[in-house]
Every structure is written in C-alpha cells, then in structure tokens.
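Chains, contacts and geometry: an overview
Okay, here's what each chain looks like letter by letter:
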Amino acid sequence: MRQPIQKYFQIGTIQWMSHPPDQYDLVDSIKTLACDEYFSAVEITHIADDETREKVKRMLEQSHMKVCYGAQPKLLGPKLNPNDIDEEGRKKAEATLLEAIDEAEYLGAKGIAFLAGKWEPETKDQAYAQLLKTTRTLCDYAAGKGMMVELEVFDFDMDKAALIGPAPYAARFAADMRITHSNFGLLVDLSHFPTTYETSRFVIQTLRPYITHLHIGNAVVKKGCEAYGDQHPRFGFPDSANDVEQLIDFFTVLKEEGFFRAEAPYVLSLEVKPWKDEDGDIILANTKRVINRAWAMVED
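Residues numbered from 1 in each chain as written. Predicted model: local features only at pLDDT ≥ 70, side-chain atom pairs only at ≥ 80, totals over all residues. Heavy atoms only, no water.

**Focus: the nonpolar core**
Counting 85 residues, the largest nonpolar core has Phe9, Leu207, Phe250 and Phe251 as the members making the most contacts within it. Excluding residues within four positions of it along the chain, leucine 207 makes contact with Val153, Ala167, Ala170, Ala171, Leu186 and Val188. (Core = buried A, V, L, I, M, F, W, Y, C linked by side-chain atoms within 4.5 Å. Buried < 20%, exposed > 50% of the residue type's maximum accessible area, 1.4 Å probe, protein only. Contact = heavy atoms within 4.5 Å.)

Here is the structure:
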C-alpha cells in the first residue's frame, strides 16, 4: 500500500501487554506510548490506585489518542465468568463489568471489551443463555452513556477455553445480540486465529457484519513448545504461527472485505508482549517493523 496504514486504521497497542505491570511503571508507560506518534489509540485496563488513575486520565486527555478499555484482566484475575451457570457467580462477573464501564467512561473510553468465561460441553446451552443475559445488561447500561460493548473472540479448547469461541458460534451470538442492541460488536485478534484452527479469510468473512475492533499478534500452537497457547509472543518467536506472510494475508482480506475506512477508521491494536526477560520497547519496535513490511506488500 502506498498510503500509510494510519490513513485506514487507528493504530493502537494494549498497554498492559506492551509494558507488563510487573516490569514497567504505568504512568511512565502511558507517557512513552502517548509520545509515540505511530499510535493514535491506546488500550488500558483497570487502575486500582485513585491518584494514578487521575494522572493517567490527564495524560490521555492531552494525547489526542482514542482510549479503549479492556476489561479482560478484571475477569481473568479473579476467575469471574460472565456465563457462569451459577447465577450468583454470573452476577459477580456482571457487577465487575458494570464497574468497568464506569471506569472506562471516567478515563475517556467510549466502550469496554471483555471475554466469555469457560464452558463445559454438557452445559453449553445454559452458558450461552447466561452470557446473553450478562451482555444485554452491559449493553443497556453502556447505551445510557453512549458507549459500546465488545466481546473478544478467544480459543475454545487450547488456553482460555472460552465459550466464544469459534467464528461461527461468535457470529450466532453477535446476531442474537444485535437483535436487541446496536451497541454490541466483536473484537477479533489475528493471534487467536491459529488457536481456533481458522484462517483470516474464514474469520473475517464469517464475522464481517459484527466486527468493530481488531487486534494483531502472534501465537505458538505446537504442543510442547515454549509460549504454547494464548501468550502473545513477539513476531519471530521460535515455532510461532504468525509473521509477515500471515499479516499480509490479514490485511489483504480486510481490504477485500471493506475494512479500509479512511473516514471512520477501525482501531487496530498490537497485542504483543515481551517473553520472560525480553525488552518491551524492543518488542514494540519489532511489531512495528512487521506491520510496516506487511503493509508495504499489500497490493493497492
């Protein structure tokens, strides 16, 4: 492509992945990302400390970046399940996600993203109904604030083992949600395609009407190999599934399916994290190089 990628997408990064909290100070991380003109979006998550949250809010206000809020860590940490067939468990997850909507609004985000909980084959239908109940409550609440609710599509049997799930099942769920709520969408992640045994073309064409947000990353899906599962290692990681070739294919399909929208660009975020003692800023530069090379190879 002769035009820069920033013409067609708001390029972002998932802050807590790029700069893991056990290695990087949050305020320093936000400043680093806000000073990087490659990014016009940033994805953040729950900030426990009030003073730090206020500092981050002020920095984001100065940045002219689109702020996105990922509620996934708020569920994964305490192992909350929004499709829990135990109603009390479901309500705990729902309450946590309603709190996330309030925090997202405070920080300047126009919505939240979350993921489905685990499921068991024998209770899959019940879990599906529970997830609809939770998501409709979230969408009702978010609509009153002019906000979106996005469900991220994960693997169903490899790592997260989330109810949503393979692309056809995600399409069914999104269709059911759109019957009642227009402020619902799906977040799809290139790094999850190998973990659901699907291709970019299959996922994007299957979910085309419902996709509102995009991630890119890498995964290792060879059993027994380091970083196996949904670990988001860098591009070029040993035995990993995605690199320049897969990203060219991803961009090509997005172009064919009408996702290159200069007037109303989708957020396209990097979800790549340093593995063990790797340096987060080097990994960010690595990812930009892969994106730039793949973008340059996409036909106009």
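Structure's up, so let's keep going.
**Structural notes on the packing of helix 9 (residues 244-256) against helix 10 (residues 280-297)**
Between helix 9 and helix 10, the least distance of the axes is 8 Å, while the angle of their chain directions is 55 degrees. With respect to each other, helix 9 and helix 10 are oriented oblique. For the pair helix 9 and helix 10, the crossing hand works out as right-handed. Together, Val244, Leu247, Ile248 and Phe251 of helix 9 and Val290, Ile291, Arg293, Ala294, Trp295 and Met297 of helix 10 make up the contact between the two elements. Split by residue class, the contact of helix 9 with helix 10 holds nine nonpolar, no polar and one charged. (Axes fitted to C-alpha atoms, helices over the stretch in contact; angles between N-to-C directions. Helix = DSSP H or I, 4+ residues; strand = E, 2+ residues; numbered from the N terminus. Parallel < 35°, antiparallel > 145°, perpendicular 65-115°, else oblique. Left-handed = near helix turned anticlockwise from the far one by under 90°. Nonpolar A, V, L, I, M, F, W, Y, C, P; charged D, E, K, R; others polar.)

**Examining the pattern of salt bridges**
What the rule picks out here adds up to 17 salt bridges. With its nearest N and O atoms 3.2 Å apart, the salt bridge here joins glutamate 103 to arginine 53. Of the two residues, glutamate 103 sits in helix 5 (residues 87-107) while arginine 53 sits in helix 3 (residues 50-63), which places them 50 residues apart along the sequence. We classify arginine 53 as buried; its relative accessible area is 15%. Of the charged contacts in the structure, one is a salt bridge between arginine 201 and glutamate 256, with a shortest N-O distance of 2.9 Å. One end of the pair, arginine 201, is in helix 8 (residues 200-207); the other, glutamate 256, is in helix 9, and 55 residues separate them in sequence. Where salt bridges share partners, they join Glu87, Arg90, Glu94 and Lys133 into one cluster. (Salt bridge = Lys/Arg side-chain N within 4 Å of Asp/Glu carboxyl O.)

**Considerations on the sheet that holds strand 7 (residues 211-216)**
Here we have eight strands rolled up into a closed barrel, ordered 1-2-3-4-5-6-7-8, and parallel in their pairing. When the angles between neighbouring strand axes are averaged without regard to direction, this sheet yields 30 degrees. As defined by bridge partners, strand 3 (residues 66-70) adjoins strand 4 (residues 111-115) across two bridges and the pair is classed as parallel. In the strand pairing of strand 4, tyrosine 69 is matched with isoleucine 112. Across the face of the sheet, helix 6 (residues 124-143) comes into contact with strand 4, strand 5 (148-152) and strand 6 (184-189) while running at roughly 150 degrees to strand 5. The sheet strands contacting helix 9 are strand 1 (9-14), strand 7 and strand 8 (266-270), and the helix crosses strand 7 at an angle near 165 degrees. (Pairing = 2+ DSSP bridges.)

**A look at helix 5**
Since one α-helical turn is 3.6 residues long, residues separated by three or four positions face the same way. With 21 residues, helix 5 extends 30 Å from end C-alpha to end C-alpha; this agrees with the ideal 30 Å at 1.5 Å per step. Within the sequence span of helix 5, burial applies to Gly89, Arg90, Ala93, Glu94, Thr96, Leu97, Ala100, Ile101, Glu103, Ala104 and Leu107. Glycine 108 lies just past helix 5 and shows a positive phi near 95 degrees. (Expected span 1.5 Å × (residues − 1).)

**Focus: the pairing of strand 4**
Burial analysis of strand 4 places five of its five residues in the buried class, the great majority of the element. Burial along strand 4 is two-sided: Gly111, Ala113 and Leu115 facing one way and Ile112 and Phe114 facing the other are all buried. Sheet topology note: the strand 4/strand 5 ladder contains five bridges and is parallel. Its bridge partner lying in strand 5, glycine 111 is registered against methionine 148.

**Focus: the packing of helix 8 against helix 9**
Pairs of packed helices are described in terms of their axes, by the angle between the two and the distance that separates them. Closest axis-to-axis distance for the helix 8/helix 9 pair is 9 Å, and the angle between their directions is 30 degrees. When the interaxial angle is binned, helix 8 and helix 9 end up roughly parallel. The element helix 8 and its partner helix 9 pack so that their crossing is right-handed. In contact with Ser200, Arg201 and Ile204 of helix 8, helix 9 contributes Asp249, Phe250, Val253, Leu254 and Glu256. Residues of the contact of helix 8 with helix 9, tallied by class, amount to four nonpolar, one polar and three charged.

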